[in-house]
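Descriptive analysis of the structure
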Amino acid sequence: MQNETPSVVVPAIISGLGFGFLSGVPLCNLGCCLWALGAGATAAYMTSRKAKQINAPFTAGGGAVAGVLSGGVFGLVGGLVTSIIQTLLGAFDADSIADQVAQNPMVSPEDFEQVSQMLESSGPLFFVLVIVFMWFLTGLIFGTIGGLIGGAAFKNEPTADEAVPPPPPPIG
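For the pair helix H1 (residues 9-24) and helix H2 (residues 32-53), the least separation of the axes is 8 Å and the interaxial angle reads 160 degrees. By the criterion of interaxial angle, the relationship of H1 to H2 is roughly antiparallel. In the packing of H1 onto H2, the handedness of the crossing is right-handed. On the side of H1, the interface is formed by Pro 11, Ala 12, Ile 14, Ser 15, Phe 19, Leu 22 and Ser 23, while H2 contributes Cys 32, Trp 35, Gly 38, Ala 39, Thr 42, Ala 43, Met 46 and Thr 47. When the residues that make up the contact of H1 with H2 are grouped by side-chain class, the tally is 10 nonpolar, 5 polar and no charged.

Another point: the environment of Cys 28. Turning to its location among the elements, Cys 28 is positioned in the loop between H1 and H2. Residues Cys 28 and Pro 170, 142 residues apart in the sequence, show an inter-C-alpha distance of 65 Å. Apart from the residues lying within four places of it in its own chain, the contact partners of Cys 28 are Leu 22 and Trp 35.

The next thing to look at is the nonpolar core. Phe 92, Ile 97, Ala 98, Val 101, Leu 119, Phe 127, Val 128 and Val 132 form the largest nonpolar core, which has 8 residues in total. Contributing elements (two or more residues each) for this core: helix H4 (94-103) and helix H6 (125-153). Leaving out residues up to four positions away in the same chain, Leu 119 has contacts with Ala 94, Ile 97, Ala 98 and Phe 127.

Right, let's get into the side chain of Ser 15. Among the structural elements, Ser 15 can be located in helix H1. For Ser 15, a relative accessible area of 3% corresponds to the buried category. A distance of 3.1 Å separates the side chain of Ser 15 from the backbone oxygen of Ala 39, its partner in a polar contact. If sequence neighbours within four positions are ignored, Ser 15 has contacts with Gly 20, Ala 39, Thr 42, Ala 43 and Ser 70.

Conventions and cut-offs
- Residues numbered from 1 in each chain as written.
- Predicted model: local features only at pLDDT ≥ 70, side-chain atom pairs only at ≥ 80, totals over all residues.
- Heavy atoms only, no water.
- Axes fitted to C-alpha atoms, helices over the stretch in contact; angles between N-to-C directions.
- Helix = DSSP H or I, 4+ residues; strand = E, 2+ residues; numbered from the N terminus.
- Parallel < 35°, antiparallel > 145°, perpendicular 65-115°, else oblique.
- Left-handed = near helix turned anticlockwise from the far one by under 90°.
- Contact = heavy atoms within 4.5 Å.
- Nonpolar A, V, L, I, M, F, W, Y, C, P; charged D, E, K, R; others polar.
- Core = buried A, V, L, I, M, F, W, Y, C linked by side-chain atoms within 4.5 Å.
- Buried < 20%, exposed > 50% of the residue type's maximum accessible area, 1.4 Å probe, protein only.
- Polar contact = N/O pair within 3.5 Å; in protein donor to acceptor, adjacent residues only side chain to side chain.

Have a look at this one:
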């Protein structure tokens, strides 16, 4: 297992789940982008520790890979938690949204009719998909940045005596 690259999947899932859940909870989600940076940096840290154990190199590029995977998990989990909480609190009530759109003087009656039909046909599913998609994009971007920072901060170079095998003995 010498100089083998450690897997980033488990650290990415662990940090993405933890930070994504915390970020989806009301009041904890005030630092959403910071949570995503933390998820990426934590995944990079966990991967660098594993790389150090097996004497493998770990660079900022490895941190970016850990960060993007962690950011993806972060976005999916955070978006789902937020969507579930918002649905339970009634934030996606089609009638109240339609009333707000109708009160907007810049919305024409034709546009209002289209919005009403969309709300009736999709219900909260449209809003849930939009929220999860936006969280996913945010998680990818900020998780990658956090992973780059973590990879640069926690980089690991294998020790020289184990990185290069000794030369063969002379023949003769």
